[in-house]
Amino acid sequence: VIEDQVIIGANCTIDRGVTAITKIGKGTALDNQVHVGHDVTIGETCLFAAQVGIAGACTIGNNVTVWGQAGISSGITIGDGATILAQSGLGEHVAPGKTYFGTPAGEAKQKMREMFASKQLPDLIGKLYDK
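Quick caveat: nothing in here was measured; it's all calculated off a predicted structure.

Enquirer: I would appreciate a short explanation of the overall build of the chain in the present structure.
Expert: The helix and strand tally for the chain stands at 1 helix and 16 strands. Seen through its principal axes, the chain has C-alpha atoms that stretch 65 × 25 × 25 Å. Put simply, the chain has 131 residues, and 35% of those count as buried. Relative to all contacts within the chain whose residues are 6 or more apart in sequence, the contacts with residues 24 or more apart total 1%. For the chain, the accessible area works out to roughly 7400 Å², and carbon and sulfur atoms hold 54% of it. On the chain, the mean spot of the 10 positive side-chain charges and the mean spot of the 12 negative ones are 9 Å from each other.

Enquirer: Would you mind going over helix α1 (residues 108–130) with me for this structure?
Expert: Taking 1.5 Å of rise per residue, 23 residues should cover 33 Å, and α1 covers 34 Å from first to last C-alpha, within 8% of that figure. Along α1, the sharpest change in direction is near 35° and occurs at Leu121; proline Pro122 comes one to four residues later.

Enquirer: Even after reading the chapter, I still don't get the pattern of salt bridges, so can you show me in this structure?
Expert: Applying the stated criterion to the full structure yields 3 salt bridges. The residue Glu3 makes a salt bridge to Lys23 at a minimum N-O spacing of 3.4 Å. Remark: Lys23 occurs in strand β3 (residues 23–24) and Glu3 occurs in the segment before β1 (7–8); sequence separation between them is 20 residues. Glu114 is the partner of Lys111 in a salt bridge, and the nearest nitrogen-oxygen pair spans 3.6 Å. With Lys111 and Glu114 both in helix α1 and 3 residues apart, this pair spans about one turn of that helix. Residue Glu114 is classed as partly exposed on the basis of its relative accessible area, which comes to 38%.

Enquirer: Mind showing me how you'd approach the sheet that holds strand β14 (residues 89–90) here?
Expert: Hydrogen bonds between backbone groups are what pair the strands of a sheet, and the pairing can be parallel or antiparallel. Strand order in this open sheet of 5 strands is β2-β5-β8-β11-β14, and the pairing throughout is parallel. Among the strands making up the open sheet, the edge pair consists of β2 (13–14) and β14. Summarising the sheet, strand β11 (residues 71–72) and β14 pair through 2 bridges and their orientation is parallel. From the neighbouring strand, Ile72 faces β14, where its bridge partner is Leu90.

Enquirer: How should the side chain of Thr65 be read in this particular structure?
Expert: Here Thr65 lies in strand β10 (residues 65–66). Those residues within four positions of Thr65 in sequence are excluded, and the remaining contacts are Leu47, Ala82, Thr83 and Ile84.

Enquirer: When you look at the nonpolar core in this model, what are you seeing that I'm missing?
Expert: Of all hydrophobic cores here, the largest spans 26 residues; its most connected members are Ile42, Phe48, Ile54, Ile60, Ile72, Ile78 and Leu90. Excluding its chain neighbours within four sequence positions, the residues that come into contact with Leu90 are Gly71, Ile72, Ser73, Ile76, Ile78, Ile84, Tyr100 and Ala105.

Analysis parameters
- Throughout this description, residue numbers start from 1 for each chain and increase along the sequence as written.
- Residue-level local features of this predicted model are given only where pLDDT is at least 70; pairs of side-chain atoms are given and counted only at 80 or more, and the full residue set underlies all totals for whole chains, interfaces and linings.
- With hydrogens and water set aside, each side-chain value is computed from the structure's full complement of heavy atoms.
- Counting from the N terminus, the helices are the DSSP runs of H or I reaching at least four residues and the strands are the DSSP runs of E reaching at least two.
- For the exposure calls, accessible area comes from a 1.4 Å probe over protein chains only, and a residue counts as buried if that area is under 20% of its type's maximum, exposed if over 50%, partly exposed in between.
- Contact between two residues is taken to exist if any of their heavy atoms lie within 4.5 Å; hydrogens are not considered.
- Only the protein chains shown count as cover for residues, and the accessible areas themselves come from Shrake-Rupley with a 1.4 Å probe.
- A positive count includes Lys and Arg, and a negative count includes Asp and Glu. His and the chain ends are not counted in either.
- Taken as the charge centre is NZ of Lys, CZ of Arg, CG of Asp or CD of Glu, depending on the residue.
- In a helix, the anticipated span is given by 1.5 Å times the number of residues less one.
- What we call the bend at a residue is the angle made by axes fitted to the seven residues finishing there and the seven residues starting there.
- The working definition used for a salt bridge is a side-chain nitrogen of Lys or Arg within 4 Å of a carboxyl oxygen of Asp or Glu.
- Two strands pair if DSSP finds at least two bridges between them.
- By nonpolar core is meant a set of buried Ala, Val, Leu, Ile, Met, Phe, Trp, Tyr and Cys residues that side-chain atoms within 4.5 Å join together.

Below, the structure is given as structure tokens:
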């Protein structure tokens, strides 16, 4: 079911439902090369950037943004107003209004801290061995 004012970009794939309806809510925009799996429900006014993959049986709330090349595992629920940043691999439910990042995805602020800390490890290890 594709509701009113939905934008579907080039080379998108939307799978027909198997045990439930696949639904894309009013005003949602799918950029190019987005895959929507079977039995997925997408709310209203969502935005999916290029090359997003949504596995089957996911429930995505209203006003959700998923940036390019992100992947969403089967059966995941994403709350209203959530954001999934680019190249994230989402394997757990996302609460409303949260921003997730990384693979495996976690809350963005924490994942950014982890990423920046890991970049400092070579210098820290070097300092330990220099003594």
